[in-house]
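# Report on the structure
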Number of protein chains: 2
Amino acid sequence: MRMTYQREIILEELRRVKSHPTADELYLMVRHRMPRISRATVYRNLEQLSEAGMVVKLMGTGNQRRYDGNTQKHTHIHCIKCGKVADIAAPEDMDASSLPDIQNSCGYKVLGRQIEYTGICPDCNNGKSTA
Amino acid sequence: MRMTYQREIILEELRRVKSHPTADELYLMVRHRMPRISRATVYRNLEQLSEAGMVVKLMGTGNQRRYDGNTQKHTHIHCIKCGKVADIAAPEDMDASSLPDIQNSCGYKVLGRQIEYTGICPDCNNGKSTA
DNA sequence: ATTGATGCAAATGATTTGCAGCCCA
DNA sequence: TGGGCTGCAAATCATTTGCATCAAT
């Protein structure tokens, strides 16, 4: 994977924030530094970076995919009103050693486990909601 | 919520299967019994039924939303190749009594927890993959 | 009778893709 | 220098919505 300037900036911006932005939000952030970058480039790079394990693609966070520059194992909580995602200290941040044990209960080869909390973020809880 | 004929059939078909179908798959299933039903009706009803807690909307299962007619608490595994979802016996199927404990670690009001496994389904593991 | 529900078609919105030119390794 | 990468615009694909009509309560 070539390290192009746009790829560098995308990665840098994603790592700078703690906000788990959507591809489009990140596009807007990056555009401040690279006005001519296209949405397609951001989408393509996020997909590639997540395949390379350099960023994490979050699933189940509403209609828009979100990305996390922090590749350390940690748990998220997702606001059901506005969609925002935050990190949360959860008791389940443990090892994955028990994964193979449950393999044959469904016939699938188990690869991983995602735990995600759902809730209401402080902003939405105060009626400041947007989405 | 009125119990229309289409609503009844949709619910019946979803409950009949164990496949966690997408809205579109369910639309095709229902159409066998109601050729004139529209996709919009299926989408609208699934959304409404899930709001009413009569079916479960699955998140994080790829690009298409999937639904589960089984409202009992249980855990899913999601094939990263074809997107199919299956039920899995997991050690985490426990009570949610510990949820409030972690509330203030992130400022969110914690409402629930979703645990989802990722893996490769038997079909895809044998090279019979489609998606 | 009222009012929510339906079917149709068109709109939306996120994401993807074709393509010609560009630039990193 | 060559093949991956970019920007642009158009294409996809899932899902939603406006609207006139229909049907459940």
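See the structure above.
Reading the values: the criteria
- Residues numbered from 1 in each chain as written.
- Chains lettered and ligands numbered in written order.
- Predicted model: local features only at pLDDT ≥ 70, side-chain atom pairs only at ≥ 80, totals over all residues.
- Heavy atoms only, no water.
- Core = buried A, V, L, I, M, F, W, Y, C linked by side-chain atoms within 4.5 Å.
- Buried < 20%, exposed > 50% of the residue type's maximum accessible area, 1.4 Å probe, protein only.
- Near = heavy atom within 4 Å.
- Polar contact = N/O pair within 3.5 Å; in protein donor to acceptor, adjacent residues only side chain to side chain.
- Helix = DSSP H or I, 4+ residues; strand = E, 2+ residues; numbered from the N terminus.
- Nonpolar A, V, L, I, M, F, W, Y, C, P; charged D, E, K, R; others polar.
- Pairing = 2+ DSSP bridges.
- Axes fitted to C-alpha atoms, helices over the stretch in contact; angles between N-to-C directions.

## Concerning the nonpolar core
Ranked by size, the top nonpolar core spans 28 residues in total, and within it Ile77, Tyr108 and Tyr117 of chain A together with Ile77, Tyr108 and Tyr117 of chain B carry the most contacts. In terms of nonpolar packing, the next biggest core, distinct from the first, is built from 17 residues, Val30, Ile37, Val42 and Leu49 of chain A among them.

## Notes on the protein's contact with DNA strand D
Around DNA strand D sit 20 residues, and of these Arg2, Arg7, Arg36 and Thr41 of chain A together with Tyr43 of chain B come closest. If you look at DNA strand D and keep only atoms within 4 Å of the protein, 65% of those are sugar or phosphate atoms. Measuring from a phosphate oxygen of DNA strand D, one finds a side-chain N or O atom of Thr4 of chain A at 3.0 Å. Within the side chain of Thr41 of chain A, an N or O atom sits 2.4 Å from a phosphate oxygen of DNA strand D. Among the secondary structure elements, those contributing two or more residues to the surface near DNA strand D are helix H1 (5-16) and helix H3 (39-51) of chain A together with helix H3 (39-51) of chain B. Grouping the constituent residues of the surface near DNA strand D by class yields 5 nonpolar, 8 polar and 7 charged.

## Examining unusual backbone geometry
All names here are of chain A. The backbone of His20 sits at a positive phi, close to 50 degrees, despite the residue not being glycine. Of note, His20 is situated in the loop between H1 and helix H2 (23-33). By relative accessible area, His20 is classed as buried at 3%.

## Digging into the protein's contact with DNA strand C
If you check the shell around DNA strand C, you find 20 residues, and the closest are Tyr43 of chain A together with Arg2, Arg7, Arg36 and Thr41 of chain B. When the atoms of DNA strand C within 4 Å of the protein are sorted by group, sugar and phosphate make up 68%. Thr4 of chain B has a polar side-chain atom sitting 2.9 Å from a phosphate oxygen of DNA strand C. Contributions of two or more residues to the surface near DNA strand C are made by H3 of chain A together with helix H1 (5-16) and H3 of chain B. Take the surface near DNA strand C: its biggest share by element is 5 residues, from H3 of chain B.

## Topic: the sheet that holds strand E4 (residues 85-88) of chain B
Spatial strand order, E4(A)-E3(A)-E5(A)-E5(B)-E3(B)-E4(B): 6 strands in an open sheet with mixed pairing. Edge positions in the sheet fall to strand E4 (85-88) of chain A together with E4 of chain B, since each of these pairs with one other strand and no more. The mean angle between the axes of side-by-side strands here comes to 35 degrees, regardless of whether they run parallel or antiparallel. In this structure, strand E3 (residues 75-79) of chain A lies alongside E4 of chain A, joined through 4 bridges in antiparallel fashion. Bridge assignment links His78 of chain A to a residue of E4 of chain A, and that residue is Val85 of chain A.

By themselves these figures say nothing about function.
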